[in-house]
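Residues per chain, in single letters:
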Amino acid sequence: MFKVPKIVRRIIRLQRIFLWGWGKEEKKMTWIKWDVLCKEKEKWGLGIKDIERFNLALIAKWKWRLGVEK
């Protein structure tokens, strides 16, 4: 159980590159903020997971399971 701060930035960068163009020399215009894309689909987002929050939630779940399960 550990946080992944260094890897998180790389994963988010890869997600952004995938959405806004891969291998392009010039920078593309980003029409929607990243925070909006990470919103749930019901709230007009794309439902992309926030990797940092997801990692913290998994750590909390594992700690809870260690305390509850035998």
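Okay, so let's go over this structure.

Conventions we followed
- Residues numbered from 1 in each chain as written.
- Predicted model: local features only at pLDDT ≥ 70, side-chain atom pairs only at ≥ 80, totals over all residues.
- Heavy atoms only, no water.
- Helix = DSSP H or I, 4+ residues; strand = E, 2+ residues; numbered from the N terminus.
- Buried < 20%, exposed > 50% of the residue type's maximum accessible area, 1.4 Å probe, protein only.
- Contact = heavy atoms within 4.5 Å.
- Areas by Shrake-Rupley, 256 points an atom, 1.4 Å probe, with all protein chains shown as cover.
- Salt bridge = Lys/Arg side-chain N within 4 Å of Asp/Glu carboxyl O.
- Core = buried A, V, L, I, M, F, W, Y, C linked by side-chain atoms within 4.5 Å.

### Details of the overall build of the chain
Looking only at helices and strands, the chain features three helices and zero strands. Going from N to C terminus, the chain has its helices and strands arranged as α-α-α. Of all 70 residues assigned to the chain, the portion counted as buried reaches 14%. When contacts within the chain are restricted to residue pairs at least 6 apart in sequence, those whose partners lie at least 24 apart make up 41%. As displayed, the chain offers around 6900 Å² of accessible surface, 59% of which is attributable to carbon and sulfur atoms.

### Brief notes about the pattern of salt bridges
Following the criterion strictly, the structure yields two salt bridges and no others. Notably, a salt bridge pairs Glu 69 with Arg 65, separated by 3.5 Å at the nearest N-O pair.

### Quick notes on the nonpolar core
Counting seven residues, the largest nonpolar core is built from Val 4, Val 8, Ile 12, Trp 34, Leu 37, Ile 48 and Ile 51. Of all elements in the fold, only α1 (5-20) and α2 (34-37) reach the threshold of two or more residues within this core. Once residues lying within four places of it in the same chain are set aside, the contact partners of Ile 48 are Gln 15, Leu 19, Trp 34, Leu 37, Cys 38 and Lys 39.

### Let's talk about unusual backbone geometry
Working note: non-glycine residues mostly have negative phi, and peptide bonds are mostly trans. The backbone phi angle of Trp 44 is positive, close to 70 degrees, even though this residue is not glycine. Within the secondary structure layout, Trp 44 lies in the loop between α2 and α3 (51-68). Here Trp 44 falls in the exposed class, since its relative accessible area comes to 79%.

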